[in-house]
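Listed below, chain by chain, are the residues.
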Amino acid sequence: MSLCFGRLLLLFVLFSLASALEKDEVYRRNLLTNGLAMTPPIGWNSWNHFNCLIDEKMIRETADALVQTGLSKLGYKYVNIDDCWAELNRDSKGHLVPRKSTFPSGIKALADYVHSKGLKLGIYSDAGYMTCSKTMPGSLGYEEIDAKTFASWGIDYLKYDNCNNDGSKPTVRYPVMTRALMNAGRQIFFSLCEWGDMHPALWGAKVGNSWRTTNDIADNWESMVSRADMNEVYAELARPGGWNDPDMLEVGNGGMTNDEYITHFSIWAISKAPLLIGCDVRNITKETMEIIGNKEVIAVNQDPLGVQAKKVRMEGDLEIYAGPLSGYKTVVLLVNRSRIESQITANWDDIGLPPHTVVKARDLWRHETLNHTFKDKLMAKMDSHACRMFVLMPIA
Ligand code: GLA
């Protein structure tokens, strides 16, 4: 009797230990080996501009616009459908059903169309019972079936939100979808959207290809810079295959000045953040095109070295970001967060260049290589909320 009890006790202890380890496995094991995201993802997402007002026609038109404007050639490949694309109820076999009134042709047909344009299609679900809009079901408990459905439709990217869940930790719920995606037979970029709640930068690379470090961005300066600050803390943890995500771009949505949008785009680019356009690219203005279409700034974001720049110095409202690029280059971003025109000095000591190094400087917004060379420091003036961005190339 007592032997039997002892065995039962041992079994119980082993079971508890195994389940404790299972819960912690994201800290130990690399669950995601899809080989994607060697550079940050770049494309478009429906949420920031359209919220729930989406349908298959505007997604197709967006794909067309990405091609017509030349944005797709610059790298913007992902066309990502956010919340509100499915019916409230699953079908009798448990499959998600595209909303009949807005996506009558289904997602597979849309994926075929988007692929025919040389682009990729992204979709959205949630590690809970319902998505954040509460207009469609989440994937909690349906991870296998949903991952297979997404793969069968030809989906290339999944954004996975955190609303209406069962109260368990994201480190328990998100890996279930990671495994399901790994078993689904298609390479699908996995974007963790748990808003930075459980410091996903610490475990995200084992579970997904990017992880939100903040709650939702709004289309104003304060919201944008505060997301940049929250995201910057985790700079060390970004790397090819897994990126910090301070949320999608607001450039072109109208709530900030042109200078503020240039600063927004520059910080996102230098931070190796996903560059997901959040405006209506079918009606894009020349000013917005000049920002999101800046090849040189995109090249910084997509640099193969894949190192997120850090804020290396702050003096009041004046900030210096710097980081290494491939080919021994250094990118520097000077940001004037103050209300008045200001001058910022970047010393080599701050940005990590050896003393006395002589560099040539390329101004990425003025598109010019400056005539003179720089030694020990670089100074620049800028208006309130404006920035200057330089790539420094050592010549001696
Ligand atoms: C959350 C996410 C947003 C967006 C909405 C959709 O708030 O953080 O990015 O996906 O849900 O409802």
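Residues numbered from 1 in each chain as written. Predicted model: local features only at pLDDT ≥ 70, side-chain atom pairs only at ≥ 80, totals over all residues. Heavy atoms only, no water.

J.: Honestly, unusual backbone geometry in this entry has me stumped. Any pointers?
T.: Across residues other than glycine, the phi torsion is negative in most instances, and most of the peptide bonds are trans. A positive phi angle, close to 95°, is found at Asp247, a residue other than glycine. Positionally, Asp247 belongs in the loop between strand S7 (243-245) and helix H8 (258-270). For Asp247, a relative accessible area of 2% corresponds to the buried category. Non-glycine residue Lys272 carries a positive phi angle of around 55°. Residue placement: Lys272 occurs in the loop between H8 and strand S8 (275-277). (Helix = DSSP H or I, 4+ residues; strand = E, 2+ residues; numbered from the N terminus. Buried < 20%, exposed > 50% of the residue type's maximum accessible area, 1.4 Å probe, protein only.)

J.: When you look at the site of the ligand in this model, what are you seeing that I'm missing?
T.: Every residue near the ligand is listed here: Trp47, Asp82, Asp83, Tyr124, Cys132, Ser133, Lys159, Asp161, Cys193, Trp195, Arg212 and Asp216. Within the side chain of Asp83, one N or O atom sits 2.7 Å away from an oxygen atom of the ligand. For the shell around the ligand, the residue count by class is 5 nonpolar, 1 polar and 6 charged. (Near = heavy atom within 4 Å. Polar contact = N/O pair within 3.5 Å; in protein donor to acceptor, adjacent residues only side chain to side chain. Nonpolar A, V, L, I, M, F, W, Y, C, P; charged D, E, K, R; others polar.)

J.: What should I look at first to understand the state of the cysteines in this one?
T.: As used here, a disulfide is simply a covalent bond connecting the sulfur atoms of two cysteines. Using the criterion set out here, one finds 2 disulfides in the structure. Sulfur-sulfur distance for the disulfide between Cys52 and Cys84 comes to 1.8 Å. Remark: Cys84 occurs in the loop between strand S2 (78-80) and helix H4 (106-116) and Cys52 occurs in the loop between helix H2 (47-50) and helix H3 (56-68); sequence separation between them is 32 residues. One disulfide in the model links Cys132 with Cys163; its S-S distance is 2.1 Å. (Disulfide = S-S within 2.5 Å.)

J.: Help me out: how do you make sense of the environment of Ile298 in this one?
T.: Its location among the elements puts Ile298 in helix H10 (residues 295-301). Residue classification places Ile298 among the buried positions, given a relative accessible area of 4%. Here the alpha-carbon distance between Ile298 and Ala269, two residues 29 residues apart in the chain, equals 6.5 Å. Among residues more than four places away in sequence, those in contact with Ile298 are Ile42, Leu74, Tyr76, Phe265, Ile292 and Gly293. (Contact = heavy atoms within 4.5 Å.)

J.: Honestly, H8 in this entry has me stumped. Any pointers?
T.: Helical periodicity: at 3.6 residues per turn, an α-helix aligns residues three or four positions apart in one direction. Its 13 residues give H8 an end-to-end C-alpha distance of 18 Å, which sits within 8% of 18 Å, the value for a rise of 1.5 Å per residue. The buried count for H8 comes to 11 of 13 residues, which makes it a mostly enclosed element. Of all the residues in H8, the buried ones are Glu260, Tyr261, Ile262, Thr263, His264, Phe265, Ser266, Ile267, Trp268, Ala269 and Ile270. Lys272, located one to two residues past H8, shows a positive phi value of around 55°. (Expected span 1.5 Å × (residues − 1).)

J.: Could you clarify how one ought to interpret the nonpolar core in this entry?
T.: Burial of nonpolar side chains together is a common tendency in soluble globular proteins. Among the nonpolar cores identified, the biggest contains 87 residues, and Tyr76, Trp85, Leu121, Phe190 and Phe265 are the most heavily contacted of them. Broken down by element, this core gets its largest block of residues, 7 residues, from H8. Setting aside its immediate chain neighbours within four residues, Phe190 contacts Leu32, Leu158, Tyr160, Tyr174, Met177, Thr178, Leu181, Val207, Gly208, Asn209 and Ser210. Grouped together as the second largest cluster of nonpolar side chains are 20 residues, Ile344, Leu353, Phe374 and Phe390 included. (Core = buried A, V, L, I, M, F, W, Y, C linked by side-chain atoms within 4.5 Å.)

J.: Please explain the sheet that holds S8 as it appears in this structure.
T.: Neighbouring strands of a sheet are bound in pairs by backbone hydrogen bonds; such pairs are parallel or else antiparallel. Strands sit in the order S7-S6-S5-S4-S3-S2-S1-S8 across an open sheet of 8 strands; the sheet is parallel. On the outer flanks of this sheet lie S7 and S8, each paired with one strand and no other. In this sheet, neighbouring strand axes are inclined to one another by 25° on average, regardless of whether the strands run parallel or antiparallel. The pairing of strand S4 (residues 157-161) with strand S5 (residues 189-192) spans 4 bridges and is parallel. Bridge assignment links Leu158 to a residue of S5, and that residue is Phe190. (Pairing = 2+ DSSP bridges. Axes fitted to C-alpha atoms, helices over the stretch in contact; angles between N-to-C directions.)

J.: Where do I start with the pairing of strand S11 (residues 330-336) in this structure?
T.: Regular strands place their side chains on alternate faces of the sheet. Across the 7 residues of S11, 7 count as buried, placing the element largely inside the fold. Burial of S11 is two-sided: the residues Thr330, Val332, Leu334 and Asn336 facing one way and the residues Val331, Leu333 and Val335 facing the other way are all buried. Here strand S10 (residues 318-324) pairs with S11 via 7 bridges, running antiparallel. Among the inter-strand pairings, Glu319 is bridged to a residue of S11, identified as Val335. Connecting the antiparallel pair S10 and S11 is a turn made up of 5 residues, with Gly327 showing a positive phi of about 70°. Judged from the 6 bridges that link them, S11 and strand S17 (residues 387-394) form a sheet pairing that is antiparallel. Note that in S17 the partner of Val332 across the bridge is Phe390.

J.: Before we go on, may I ask you to explain the packing of helix H7 (residues 221-232) against H8 in this structure?
T.: If you want to describe how two helices pack, look at the angle between their axes and the distance between the axes. Closest axis-to-axis distance for the H7/H8 pair is 11 Å, and the angle between their directions is 15°. Taken together, the axes of H7 and H8 lie roughly parallel to each other. Of the two possible hands of crossing, H7 and H8 adopt the one that is left-handed. Residues Trp221, Met224, Arg227 and Ala228 of H7 touch H8, and the partners they reach there are Glu260, Thr263, His264, Ile267 and Trp268. (Parallel < 35°, antiparallel > 145°, perpendicular 65-115°, else oblique. Left-handed = near helix turned anticlockwise from the far one by under 90°.)

J.: Which parts of the structure should I look at to understand the pattern of salt bridges?
T.: Any two side chains of opposite charge can pair, given that their charged atoms come close. What the rule picks out here adds up to 24 salt bridges. The partner of Arg212 in a salt bridge is Asp216, and the shortest N-O contact between them spans 2.6 Å. Salt bridges here are not isolated pairs; linked through shared partners, they connect Lys57, Glu61, Asp280 and Arg282. (Salt bridge = Lys/Arg side-chain N within 4 Å of Asp/Glu carboxyl O.)

J.: For this particular structure, what's the right way to read the packing of H3 against H4?
T.: Taken N-terminus to C-terminus, the directions of H3 and H4 make an angle of 15°; their axes are 10 Å apart at the nearest point. One way to sum up the angle between H3 and H4 is to call them roughly parallel. Between H3 and H4 the crossing geometry is right-handed. Taking contact as the criterion, the partners of Glu56, Ile59, Arg60, Ala63 and Asp64 in H3 are, on H4, Gly106, Leu110, Tyr113 and Val114. Residues of the contact of H3 with H4, tallied by class, amount to 5 nonpolar, 1 polar and 3 charged.

On their own, these measurements won't tell you what the molecule is for.
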